[in-house]
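Descriptive structure summary
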Amino acid sequence: MAHDRQNNVTKRKRGRPKTNRGNADRISSLPDSVLCHILSYIPTKHVVATSVIAKRWKNVWTAVPNLSFDDRLCLRPPASTYVPLRGFADFVHTVLLRTNPAKIGKFSLYCSRPTNLARFYDWIATALMREVGEIQLYLGQQSRVELPEAIYSAACLKVLTLDSDFSIQVPSSGTCFPCVKILSVRLENPDKSVTENLFCSCPSLEELSVTCELHDDTPPPNLIISSVTLKTCKLIVRSEDMLFREVDYMLTITAPKLESLEIYSDLLGSFVMHDLHSLKIVKLDIMHAEWAQVDPYRAIQLLAGINSCKYLYLSAGIMSAVDHACDSCFPSFSQLNYIEMGVGPIGWRVLPIVLRSSPNLESLVLHKECWFQFTEEQFGWLESDFDVPHCLVHTVKNIEIKGVQGDEDERPLLKYLLQFAAAMEKMLMWAKASVPKENRANLRESILQLPRASMKTTIEIK
């Protein structure tokens, strides 16, 4: 019996397929082109480290088209942030010397500490000689650094990202970054002459991102963005303590082909918009506080300049400014289909005004926001004495409300919307995470008991 069992075990072992351990490493069997594509997504420090995996990998890294250098990946950085890292510059130089792709896809350099500028200019020159398509730079120098002159006229460059404040001088020829389609820059209290001449000198520019750092010890900057080719624009304006200091700025945009505009700012600046007839998507996340001595009418002026859009996001700060300036004439948004609004302690009475100005609106999204500890009376919905907005009765199909808590101040708003939204197909409410599931179910039941203009409306709470 024991002998028979042993024979059966031996037969089962013989019947098992043999494992070819040589095929276990499938990645190494991939073509060099595929391996280089995979490695192009990770920092160059780690790419070079793959050379010790096996003989097969020894020289693969030299053909990777994307080079990403970051001194923060060094193992033992000096204690002082002002001391250059030993070996980092040599590493960058060696990699540029030993890599062999005819063209560099992307050259990314992040130096959190001061670096030798002579070597920095050499690195950029080498990348441009190898027809680099994208450059991303950050230098942690103590002062503003001159942008390498060769970048201004590089025909190979399509994408340029300047994550630190470089000194930019538009060439006397009047043409800057001739083939750059995507440009991202960071500016600290820029001179008017910089922005006035820079963006209009880029003949191929389509996507622009500007981060502007403001300080209260310098004159208010005048940002000018003028381009006949620009399609997408994103502006971020920030300061350490903008709310309580007299910091201001002015933004002028002239872009007849602009389709998407995003503005994020800690302060309601002064805005002048020209020829934005192609605008489709606008997102305005701008803060406005009652204690800030800023004219709230600026919000009306801004909205009047972007009223050709089809998609609009307004933060609670913009709604607050419009609330303070609601005696002014609110612009008409005849092409608007979708609007998303943040509503804080003030701004509720603006909602009917916005709806009356949007006759073709189809989707309405409301964010219920609370900045500080306000009472329910200060937060509550204020029903308008005017006629019910045309869009609410005839065109609005979807309504979404975020930040629902089941408070009493929400019920009048929900009643108003359900009572008059005759064309509404769906109402979706997002409860705050702190609201228990049983409370959500009870809230839905209480809402279903409210009078509705259309019994076909689907009501959901998540």
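Criteria and thresholds
- Per chain, residue numbering runs from 1 following the sequence as it is written.
- With the structure being a predicted model, the display of local features is reserved for residues of pLDDT at least 70 and the display and counting of side-chain atom pairs for 80 or more, all residues being used for whole-chain, interface and lining totals.
- The side-chain quantities take in all heavy atoms of the structure and omit both hydrogens and water.
- Strands are runs of DSSP state E lasting at least two residues, helices are runs of H or I lasting at least four, and both sets are numbered from the N terminus onward.
- Relative accessible area decides the class of each residue, using a 1.4 Å probe on protein chains only: under 20% of the type maximum gives buried, over 50% gives exposed, and in between gives partly exposed.
- Any two residues having at least one pair of non-hydrogen atoms within 4.5 Å are treated as being in contact.
- In this description, a nonpolar core means a group of buried Ala, Val, Leu, Ile, Met, Phe, Trp, Tyr and Cys residues linked to one another through side-chain atoms lying within 4.5 Å.
- A carboxyl oxygen of Asp or Glu within 4 Å of a side-chain nitrogen of Lys or Arg is what we treat as a salt bridge.
- When DSSP finds two or more bridges between two strands, those strands count as paired.
- To define axes, lines are fitted to C-alpha atoms, for helices over the stretch in contact only, and angles between the resulting N-to-C directions are given on a 0 to 180 degree scale.
- To count toward a patch, a residue needs a relative accessible area above 30% and no salt bridge. Like charges then connect within 9 Å, nonpolar side chains (Val, Leu, Ile, Met, Phe, Trp, Tyr) within 5 Å.
- Computed with a 1.4 Å probe, the accessible areas rest on the Shrake-Rupley method; for each residue, only the protein chains presented here act as cover.
- As used throughout, the charge tally considers Lys and Arg to be positive and Asp and Glu to be negative, leaving His and the chain termini uncounted.
- One atom stands in for each charge, and that atom is NZ of Lys, CZ of Arg, CG of Asp or CD of Glu.
- Aromatic pairs are defined between Phe, Tyr and Trp rings, using the six-membered ring for Trp, whenever the two ring centres lie within 6.5 Å; interplanar angles under 30 degrees are classed as stacked, those over 60 as edge-to-face, and all others as tilted.
- Two conditions define a charge sitting above a ring: the NZ of Lys or the CZ of Arg must be within 6 Å of the ring centre, and it must be within 35 degrees of the ring normal.

Per an unreviewed UniProt entry, the protein goes by F-box/FBD/LRR-repeat protein and derives from Citrus sinensis.

**Notes on the environment of aspartate 163**
Tracing the backbone shows aspartate 163 in the loop between β5 (159-162) and β6 (166-167). For aspartate 163, a relative accessible area of 29% corresponds to the partly exposed category. Separated by 23 residues in sequence, aspartate 163 and arginine 186 have C-alpha atoms that sit 5.6 Å apart. Aside from chain neighbours lying at most four places away, what touches aspartate 163 is Gln136, Leu137, Tyr138 and Arg186.

**A few points about the nonpolar core**
With 126 residues, the main nonpolar core has Phe107, Phe177 and Ile306 as its most contacted residues. Not counting chain neighbours up to four residues away, the residues in contact with isoleucine 306 comprise Leu261, Met273, Leu276, Leu279, Val282, Leu312 and Phe333.

**Remarks on the pattern of salt bridges**
Enumeration according to the criterion identifies 11 salt bridges in this entry. Of the charged contacts, one joins aspartate 32 and arginine 56 as a salt bridge, the two residues approaching to 2.8 Å between their closest N and O atoms. Of the two residues, aspartate 32 sits in helix α2 (residues 32-39) while arginine 56 sits in the loop between α3 (44-49) and β1 (66-70), which places them 24 residues apart along the sequence. The partly exposed category is assigned to arginine 56, whose relative accessible area is 32%. In this structure, glutamate 213 engages arginine 238 in a salt bridge whose closest nitrogen and oxygen atoms are separated by 2.6 Å. Taken together, the positions of glutamate 213 in strand β8 (residues 207-213) and arginine 238 in strand β10 (residues 232-238) put the pair 25 residues apart, joining distant regions of the chain.

**A few points about the sheet that holds strand β9 (residues 222-226)**
Read from one edge to the other, the open sheet built from 3 strands follows the order β9-β11-β13, with strand pairing classed as parallel. Taken across any chain shown, the strands that pair with only one partner, and hence form the sheet edges, are β9 and β13 (270-274). On average, each strand axis in the sheet is inclined to that of its neighbour by 10°, with strand direction left out of account. With 5 bridges connecting them, strand β11 (residues 250-254) and β13 associate as parallel partners. Considered in β13, the bridge of isoleucine 253 is made with methionine 273.

**Thoughts on a positive patch on the surface**
On the surface, Lys158, Lys181, Lys231 and Lys257 cluster together to form a positively charged patch. Assignment of secondary structure puts lysine 257 in the loop between β11 and β12 (260-265).

**Concerning unusual backbone geometry**
Most peptide bonds take the trans form, and the phi angle of most residues other than glycine is negative. Non-glycine residue glutamate 131 carries a positive phi angle of around 55°. Turning to its location among the elements, glutamate 131 is positioned in the loop between α5 (117-129) and β3 (134-139). Since its relative accessible area comes to 42%, glutamate 131 is described here as partly exposed.

**Topic: the packing of aromatic side chains**
This model, assessed by the stated rule, comprises 10 aromatic pairs. Between tyrosine 110 and tyrosine 138, the ring centres sit 4.4 Å apart and the planes meet at 15°, which makes this aromatic pair stacked. Taken together, the residues tyrosine 110 in strand β2 (residues 106-111) and tyrosine 138 in strand β3 connect sequence positions 28 residues apart. Among the residues examined, tyrosine 110 registers a relative accessible area of 23% and is labelled partly exposed. Taking the relative accessible area as the measure of exposure, tyrosine 138 reaches 22% and is therefore partly exposed. For the pair phenylalanine 330 and phenylalanine 333, a centre-to-centre distance of 6.2 Å together with 40° between the ring planes defines the contact as tilted. With relative accessibility at 2%, the residue phenylalanine 333 sits in the buried group. Grouped by ring-pair contacts, the aromatic residues Phe69, Phe91 and Phe107 constitute a single cluster. We note arginine 72 situated over the ring of tyrosine 110; from NZ or CZ to the ring centre the distance is 3.6 Å.

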